[in-house]
Amino acid sequence: MSTPAGVTAPSAAPVPDATRSGSRALFAVCAATLLVLMNYTAPVAVLPQTARSLGAGITTQTWLINAITLGLAATLLVAGSLGDDFGRRRIFRAGLALLAASTLGGAVAPNAGTFVAARVLQGVASAAILAAGLGLLGHAFHTNHGRSHATARWASMLGAGIALGPLTSAVLTSLGSWRWSHLMLGALAAVLAALTGRLLAESRADRTARIDVSGVLTLAAGLSLLLVAITAGRTGWLRPAVLIPLALGALLLAAFVAIEARGRAPMLDLALFRRPDFRIATIGAFFTGLAAIGPSTVLPTLVQRLVGISALGTAGLAFLWAGASFVVSNQMRHHGTRFAPTRQLVLGFALTAAGYLAMIGYADAHSWVRTIPGLLISGAGSGLLNAALARLAITSVPLDRVAMGSGANNTARYVGSALGVAASITVASSLLPAGQTSGFSAHGADAVLLLGAGAAVLGGAAALIRRRVTAPAPAAG
């Protein structure tokens, strides 16, 4: 609340309290987001070791990575809606508690099926943390400058988590076991869940709370079937195991749209799509997942398998990409208000595509060094995308719908990510030379980079076209 002119200094006393409250919220949300992304990427650098320990084949390895994305994509909208209706702090803390339990469950998993189930639950928990967390920041910061600063900090945690997750798991695996990183992350989530009750103030929308049960069921089932179909497509697309879940998933997602359009209390208010910024945010988030997150999640494993570097070296490459993302996102807290989010999106997609193209040929050359410039360039692009999307997620919706806006934005991001991971592994493991029946190939590695670059170009074009269409007309005269 601004101070009226003429009011003396003592009347300004509530401002420091509001500042401290915002700082506590920012710390709690950023710390939890860091844990979410560390947990999300922990298996990336040690996938071969994890797969051997759990007895997982190529198709199952896709789920070792992608299961958490399934849980995220299927429940982010649900978590955002529940946060707005029942309390964002409540959903946030519940997410941290579930993240602790499910991560510890993954640490002691005896087989691949149990580990995959734990990863799905980690995705559900992460959805609650991400959707409610951005909602809490939207409630704590009301000015453009404050929101730009807070969302840039939040976005930088995405890059930091992606950088530290593989590195931590690789170091702990070299010291003992891949399970140690899951034990550590589960314990940290439990500690943070206990602390956040004192750090956060509760906030919710001023309306009667309802649960959109039919929307929850159709969205979760539809997305799950769609990912099952794309993952199964690795061994051929024109098969009943692919076509049946693909058709059923499409029908259920169409049913979800119809339910949300007619429902009295939808978890996704379709009227939000009339807002140009909301449409840009949703499209940009989808292509960010498809182009930036999906291929980059698979890339470290491909380098490890095709070039032959250690798990720690693989984590180092992931650190370069994510470190560049962290630095650029963090800088946007100083410069974010000078650049329109749509311009950041276009530039971010352009850098992502350029970075991927710069890495083509690394597997044929058997050189991990050739990936470094491309990783830094595409990582910088990811940082711009994250900062722009975080800002759009809470500024493109009304204040009482900030968790829904966050949920919708992150749903689009992780649906794109899940599709990107599945498509990348499918492409990388399908283009095999004659006589090779499994694994990955240099041609497949290049195809993954071309797939990511093409998706980035489409994302940039969509953001650019949308920006031109929605730009205000110049004043007459």
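Below, the structure is looked at part by part. This is a predicted model, so every value here is computed, not measured. (Residues numbered from 1 in each chain as written. Predicted model: local features only at pLDDT ≥ 70, side-chain atom pairs only at ≥ 80, totals over all residues. Heavy atoms only, no water.)

Description of the overall build of the chain
Line of reasoning, step 1. Scanning the chain from N- to C-terminus turns up 16 helices and zero strands.
Line of reasoning, step 2. Split into buried and exposed, the 477 residues of the chain put 56% on the buried side.
Line of reasoning, step 3. Long-range pairs, those at least 24 residues apart, make up 84% of the contacts in the chain with a sequence separation of at least 6.
Line of reasoning, step 4. Roughly 18,500 Å² of accessible area belongs to the chain as shown, and the carbon and sulfur atoms make up 67% of that amount. (Helix = DSSP H or I, 4+ residues; strand = E, 2+ residues; numbered from the N terminus. Buried < 20%, exposed > 50% of the residue type's maximum accessible area, 1.4 Å probe, protein only. Contact = heavy atoms within 4.5 Å. Areas by Shrake-Rupley, 256 points an atom, 1.4 Å probe, with all protein chains shown as cover.)

Here we look at the packing of helix α3 (residues 58-86) against helix α4 (residues 88-107)
Line of reasoning, step 1. Packing of α3 against α4 brings their axes to within 6 Å, and their N-to-C directions diverge by 135°. Judged by the inter-axis angle, α3 sits oblique to α4. Contacts from Ala 79, Leu 82, Gly 83, Asp 84 and Phe 86 in α3 reach Arg 88, Arg 90 and Ile 91 in α4.
Line of reasoning, step 2. Here the contact of α3 with α4 is built from residues that sort into four nonpolar, one polar and three charged. (Axes fitted to C-alpha atoms, helices over the stretch in contact; angles between N-to-C directions. Parallel < 35°, antiparallel > 145°, perpendicular 65-115°, else oblique. Nonpolar A, V, L, I, M, F, W, Y, C, P; charged D, E, K, R; others polar.)

Considerations on empty space enclosed by the protein
Line of reasoning, step 1. Taken as a whole and judged by the stated rule, the model has four cavities of 30 Å³ or more.
Line of reasoning, step 2. Here the largest cavity is characterised by a volume of approximately 250 Å³.
Line of reasoning, step 3. Lining the largest cavity are 21 residues, with Thr 41, Ile 162, Ser 296, Thr 297 and Trp 321 positioned closest to its centre.
Line of reasoning, step 4. Breaking the lining of the largest cavity down by element, the ones donating at least two residues are α1 (14-41), α6 (144-175), α10 (276-307), α11 (311-335), α14 (372-395) and α15 (402-430).
Line of reasoning, step 5. Here the lining of the largest cavity takes six residues from α10, the largest share from any one element. (1 Å grid on protein atoms, 1.4 Å probe; cavity = no way out; pocket = protein on both sides within 12 Å on 5 of 7 lines; lining within 4 Å. Points joined across faces, edges and corners; volume = space filled by probe spheres on them.)

Comments concerning the layout of surface pockets
The gaps left among the atoms become clear once a water-sized probe is rolled over them.
Line of reasoning, step 1. In this model, the second largest pocket occupies a volume close to 360 Å³.
Line of reasoning, step 2. If you trace the second largest pocket, you find 18 residues lining it, with Leu 219, Leu 223, Phe 256, Thr 411 and Val 415 closest to the centre.
Line of reasoning, step 3. Elements with a contribution of two residues or more to the lining of the second largest pocket: α8 (213-232), α9 (240-262), α10 and α15.
Line of reasoning, step 4. Ranked by residue count, the leading element in the lining of the second largest pocket is α15, at five residues.
Line of reasoning, step 5. Grouping the constituent residues of the lining of the second largest pocket by class yields 16 nonpolar, two polar and no charged.

Quick notes on helix α2 (residues 47-54)
Line of reasoning, step 1. All buried positions along α2 are accounted for by Leu 47, Pro 48, Thr 50, Ala 51 and Leu 54. Looking straight down α2, one finds that the buried residues subtend no more than 165° of arc, so they occupy a single side.
Line of reasoning, step 2. Tucked inside the fold, the buried residues of α2 contact α3, α5 (112-140), α7 (179-199) and α10.
Line of reasoning, step 3. With its phi angle positive at about 70°, Gly 55 sits one or two positions after the end of α2. (Arc of directions from axis to C-beta.)

Remarks on a nonpolar patch on the surface
Line of reasoning, step 1. Together, Leu 104, Val 108, Val 171, Leu 175, Trp 180, Leu 183 and Leu 312 line one region of the surface with nonpolar side chains, adding up to about 630 Å² of accessible area.
Line of reasoning, step 2. Within the fold, Val 171 resides in helix α6. (Patch = residues over 30% accessible without salt bridge, like charges linked within 9 Å, V, L, I, M, F, W, Y side chains within 5 Å. Salt bridge = Lys/Arg side-chain N within 4 Å of Asp/Glu carboxyl O.)

Regarding the environment of Gly 405
Line of reasoning, step 1. Here Gly 405 shows up in helix α15.
Line of reasoning, step 2. C-alpha separation for the pair Gly 405 and Leu 134, spaced 271 residues apart in sequence, amounts to 8.9 Å.

A short note on the nonpolar core
Line of reasoning, step 1. Counting residues in hydrophobic clusters, the biggest one holds 139 residues, and the most contacted among them are Leu 64, Phe 92, Trp 154, Leu 302, Leu 345, Tyr 362 and Tyr 414.
Line of reasoning, step 2. For this core, the element with the highest residue contribution is α10, accounting for 14 residues.
Line of reasoning, step 3. Setting aside residues no more than four positions away along its own chain, Tyr 362 makes contact with Leu 299, Leu 302, Val 303, Val 307, Ser 367, Arg 370, Thr 371, Ala 445 and Leu 449. (Core = buried A, V, L, I, M, F, W, Y, C linked by side-chain atoms within 4.5 Å.)

Here we look at the side chain of Arg 413
Line of reasoning, step 1. Mapped onto the secondary structure, Arg 413 falls in helix α15.
Line of reasoning, step 2. When sequence neighbours within four positions are dropped, the list of residues in contact with Arg 413 reads Trp 154, Leu 158, Ala 285, Phe 286, Thr 288, Gly 289, Ile 293, Asn 386 and Leu 389.

Here we look at α3
Line of reasoning, step 1. With 29 residues, α3 should reach 42 Å at 1.5 Å per residue; the first-to-last C-alpha distance of 41 Å fits that figure.
Line of reasoning, step 2. Where α3 bends most, at Asn 66, the angle is about 50°.
Line of reasoning, step 3. α3 sits mainly inside the fold: 25 of its 29 residues count as buried.
Line of reasoning, step 4. Trailing α3 by a residue or two, Gly 87 shows a phi angle of about 120°, which is positive. (Expected span 1.5 Å × (residues − 1). Bend = angle between axes of the 7 residues up to and from the residue.)

Some remarks on the side chain of Asn 409
Line of reasoning, step 1. In this structure, Asn 409 sits in helix α15.
Line of reasoning, step 2. Engagement of the side chain of Asn 409 in a polar contact is seen with the backbone oxygen of Ala 281, the distance being 3.3 Å.
Line of reasoning, step 3. Setting aside residues no more than four positions away along its own chain, Asn 409 makes contact with Ala 281, Ala 285, Leu 389 and Ala 393. (Polar contact = N/O pair within 3.5 Å; in protein donor to acceptor, adjacent residues only side chain to side chain.)

Observations concerning the packing of α10 against helix α12 (residues 341-359)
Line of reasoning, step 1. Put simply, α10 and α12 touch, their axes get as near as 11 Å, and they point 20° apart. Taken together, the axes of α10 and α12 lie roughly parallel to each other. As α10 runs across α12, the sense of the crossing is left-handed. Of α12, the residues touching α10 (which contributes Ile 280, Gly 284, Phe 287, Thr 288, Ala 291, Ala 292, Pro 295, Ser 296 and Leu 299) are Thr 342, Leu 345, Phe 349, Thr 352, Tyr 356 and Met 359. (Left-handed = near helix turned anticlockwise from the far one by under 90°.)

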